[in-house]
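Structural overview for review
This is what each chain is made of:
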Amino acid sequence: MVNITELTEEMRRELAFSEEERKELERARSMPILFDEDCPETTPERALRFKRVNPPRRRAAE
């Protein structure tokens, strides 16, 4: 992680969004979320049945 105060002005400009990127983000933000049969919206009931693919590891006793 980098502290922004350690960046040069040129590096900050390089990291900033361009005007075109800002417009694209604003357009995407205004679009509705669409679900289809391949990727339906998750209901609370389905979320409860969700199982992790990679369960958390047990930590060794410290």
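By convention here, each chain's residues receive numbers from 1 onward along its written sequence. In keeping with the model being predicted, local features are shown solely for residues with a pLDDT of at least 70 and side-chain atom pairs are shown and tallied solely at 80 or more, while totals for entire chains, interfaces and linings include all residues. Hydrogens and waters are ignored; side-chain quantities use all the structure's heavy atoms.

Thoughts on the overall build of the protein chain
Counting its secondary structure elements, the protein chain contains three helices and zero strands. Segments assigned H or I by DSSP are reported as helices when at least four residues long, segments assigned E as strands when at least two residues long, and all are numbered from the N terminus. Secondary structure elements of the protein chain, listed N to C terminal, follow the sequence α-α-α. C-alpha atoms of the protein chain, sized along the principal axes, occupy 50 × 45 × 15 Å. Exposure is judged per residue with a 1.4 Å probe applied to protein chains only, and the accessible area is read against the type maximum: over 50% gives exposed, under 20% gives buried, and values in between give partly exposed. Burial analysis of the protein chain (62 residues in total) assigns 2% to the buried set.

Describing the pattern of salt bridges
Salt bridge, as used here, is a side-chain nitrogen of Lys or Arg placed within 4 Å of a carboxyl oxygen of Asp or Glu. Scanning the entire structure with this criterion turns up one salt bridge. In this structure, Glu26 engages Arg29 in a salt bridge whose closest nitrogen and oxygen atoms are separated by 2.8 Å. You can see Glu26 and its partner Arg29 sitting in helix α2 (residues 19-30), three residues apart, about one turn around the helix.

Brief notes about α2
Across its 12 residues, α2 extends 17 Å between first and last C-alpha, which sits within 8% of the 16 Å expected from 1.5 Å per residue. With zero of 12 residues buried, α2 is to be regarded as a mostly surface element. To estimate how far a helix should extend, the number of its residues minus one is multiplied by 1.5 Å.

Some remarks on the environment of Glu37
If you trace the backbone, Glu37 turns up in the loop between α2 and α3 (44-48). Taking relative accessible area as the criterion, Glu37 reaches 71% and is therefore assigned exposed. For the pair Glu37 and Thr8, spaced 29 residues apart in the sequence, the C-alpha separation amounts to 48 Å.

Coordinates in, geometry out; function isn't part of it.
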